[in-house]
Amino acid sequence: MKKFRLLVFIDDDKATNVYHRIIVESSKLCEEHRFFESPVEALEYFKQLATSESPVFPDAIFLDINMPVMDGWQFIEQYQQLDIQASPVVIMLTTSKFVKDIERGERIGIVHSLISKPLQVNHLQAFLDDIFNTAS
């Protein structure tokens, strides 16, 4: 069975992170996962990966759009400025689907899709199938 090697979640809401951790672990579709409540901390993590001798980059980043200090769009802008050869897909998470967010996501190459929270097991399975079928 195909599995994600590593998933990264970036969301400032603790309860959402707890719920998503339960979903990911119960799905058994992921070998490893990392959760960040701060996009700034997540950027530091990716900067360290970029300088690591044998980095393991995530297959996908699940990114909340609305966060204080730095929102999801600002995170993507900063992430794309890093010297990273790996290109995980980004799935934007939101509590509402604004047309402007959908259109903005479609213009950014690494954004795979935009889904409403909370993430469900069927979302993970669909992304797994899509990402690995596309990569083959």
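Here the structure is shown first, and the text comes after it.
Thresholds, definitions, all that
Residues numbered from 1 in each chain as written. Predicted model: local features only at pLDDT ≥ 70, side-chain atom pairs only at ≥ 80, totals over all residues. Heavy atoms only, no water. Helix = DSSP H or I, 4+ residues; strand = E, 2+ residues; numbered from the N terminus. Buried < 20%, exposed > 50% of the residue type's maximum accessible area, 1.4 Å probe, protein only. Contact = heavy atoms within 4.5 Å. Salt bridge = Lys/Arg side-chain N within 4 Å of Asp/Glu carboxyl O. Phe/Tyr/Trp six-rings, centres within 6.5 Å; stacked < 30°, edge-to-face > 60°. Axes fitted to C-alpha atoms, helices over the stretch in contact; angles between N-to-C directions. Parallel < 35°, antiparallel > 145°, perpendicular 65-115°, else oblique. Left-handed = near helix turned anticlockwise from the far one by under 90°. Nonpolar A, V, L, I, M, F, W, Y, C, P; charged D, E, K, R; others polar. Expected span 1.5 Å × (residues − 1). Polar contact = N/O pair within 3.5 Å; in protein donor to acceptor, adjacent residues only side chain to side chain.

A look at the overall build of the chain
When helices and strands are tallied, the chain shows 5 helices and 5 strands. In sequence order, the secondary structure elements of the chain are arranged as β-α-β-α-β-α-β-α-β-α. For the chain, with 136 residues in total, the buried portion stands at 45%. Nonlocal contacts in the chain, meaning residues at least 24 apart in sequence, comprise 68% of its contacts between residues at least 6 apart.

Thoughts on the pattern of salt bridges
All told, the structure shown has 5 salt bridges when counted by the stated rule. Note that Arg5 is salt-bridged to Glu32, the shortest N-O span being 2.2 Å. Of this pair, Arg5 sits in strand β1 (residues 4-10) while Glu32 sits in strand β2 (residues 30-36), and the two are 27 residues apart along the sequence. A relative accessible area of 31% means that Arg5 is categorised as partly exposed. On the basis of relative accessible area, Glu32 is assigned to the partly exposed category, the value being 37%.

Re the packing of aromatic side chains
Applying the stated criterion across every chain yields a total of 8 aromatic pairs. On the numbers, 5.1 Å between centres and 45° between planes, the contact of Phe36 with Tyr45 is tilted. In terms of burial, Phe36 and Tyr45 fall into one category: buried. The structure contains a cluster of three or more aromatic residues connected by ring pairs, namely Phe36, Tyr45, Phe46, Phe75 and Tyr79.

Notes on the packing of helix α2 (residues 39-51) against helix α3 (residues 72-81)
Orientation of α2 relative to α3, taken along the N-to-C sense of each, is 15°, at an axis distance of 10 Å. Taken as axis vectors, α2 and α3 run roughly parallel relative to one another. α2 and α3 meet at a crossing whose hand is right-handed. Every residue of α3 that contacts α2 at Pro39, Ala42, Leu43 and Phe46 is listed here: Phe75, Gln78 and Tyr79. Grouping the amino acids of the contact of α2 with α3 by side-chain chemistry returns 6 nonpolar, 1 polar and no charged.

A few points about α2
Since one α-helical turn is 3.6 residues long, residues separated by three or four positions face the same way. With 13 residues, α2 extends 19 Å from end C-alpha to end C-alpha; this agrees with the ideal 18 Å at 1.5 Å per step. Structurally, the start of α2 carries an N-cap: the backbone nitrogen of Val40 is 3.2 Å from a side-chain oxygen of Ser38.

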